[in-house]
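The primary structure of each chain is shown beneath.
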Amino acid sequence: QVQLVESGGDLVQAGGSLRLSCAASELSFRNYIMGWFRQAPGKEREFVAYITLVHNTRYVDSVKGRFTISRDNAKNTLYLQMNSLQPEDTAVYYCSAGRPSSLPYYNAQAYTYWGQGTQVTVSS
């Protein structure tokens, strides 16, 4: 059973930075596609970024150039470096893990395991 625990969420002013971490209790961490999703109050869960087994990455257009997803397989940890944060980035951020499949990785259905989320609040 994979367990994911996010950390690093905080209150930050617009233009600031945060780094989110996701610790995975799974020895086969390196065999999973890892993703970040976010959900703002009253809105649907939104894809943010994913990283593949070979460190290929993709981002939603709204965060390109500002966010960087990375993984450290030796530490079973996923990261999301968030720079130039804006109020629209305010949301609960969720770490997710899925086995490679034909499903598009921007689709939440591609992921089997989810963390409980960490709150990111960006003030003007």
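Only a predicted model underlies this, so the values are computations on that prediction, with no experimental measurement involved.

Colleague: So what exactly am I meant to see when it comes to the pairing of strand 8 (residues 77-82) here?
Modeller: Working note: regular strand, side chains alternate between the two faces of the sheet. In terms of residue burial, strand 8 counts as a mostly covered element, since five of its six residues are buried. Summarising the sheet, strand 3 (residues 18-24) and strand 8 pair through six bridges and their orientation is antiparallel. Note on strand 8: the bridge partner recorded for S21 is Y79. As paired elements, strand 7 (residues 67-72) and strand 8 share six bridges and run antiparallel to each other. Within the sheet, the bridge partner assigned to F67 lies in strand 8 and is M82. The hairpin formed by strand 7 and strand 8 contains four residues between the paired strands, and N76 there has a positive phi angle of roughly 50 degrees.

Colleague: Explanation requested: unusual backbone geometry in the structure shown.
Modeller: Even without glycine at this site, N76 takes up a positive phi of about 50 degrees. Within the secondary structure, N76 sits in the loop between strand 7 and strand 8. Exposure remark for N76: the relative accessible area of 16% places this residue in the buried category. With a phi close to 50 degrees, S84 is a non-glycine residue in the positive phi region. With respect to the element layout, S84 can be found in the loop between strand 8 and strand 9 (91-98).

Procedures and definitions
Residues numbered from 1 in each chain as written. Predicted model: local features only at pLDDT ≥ 70, side-chain atom pairs only at ≥ 80, totals over all residues. Heavy atoms only, no water. Buried < 20%, exposed > 50% of the residue type's maximum accessible area, 1.4 Å probe, protein only. Helix = DSSP H or I, 4+ residues; strand = E, 2+ residues; numbered from the N terminus. Pairing = 2+ DSSP bridges.

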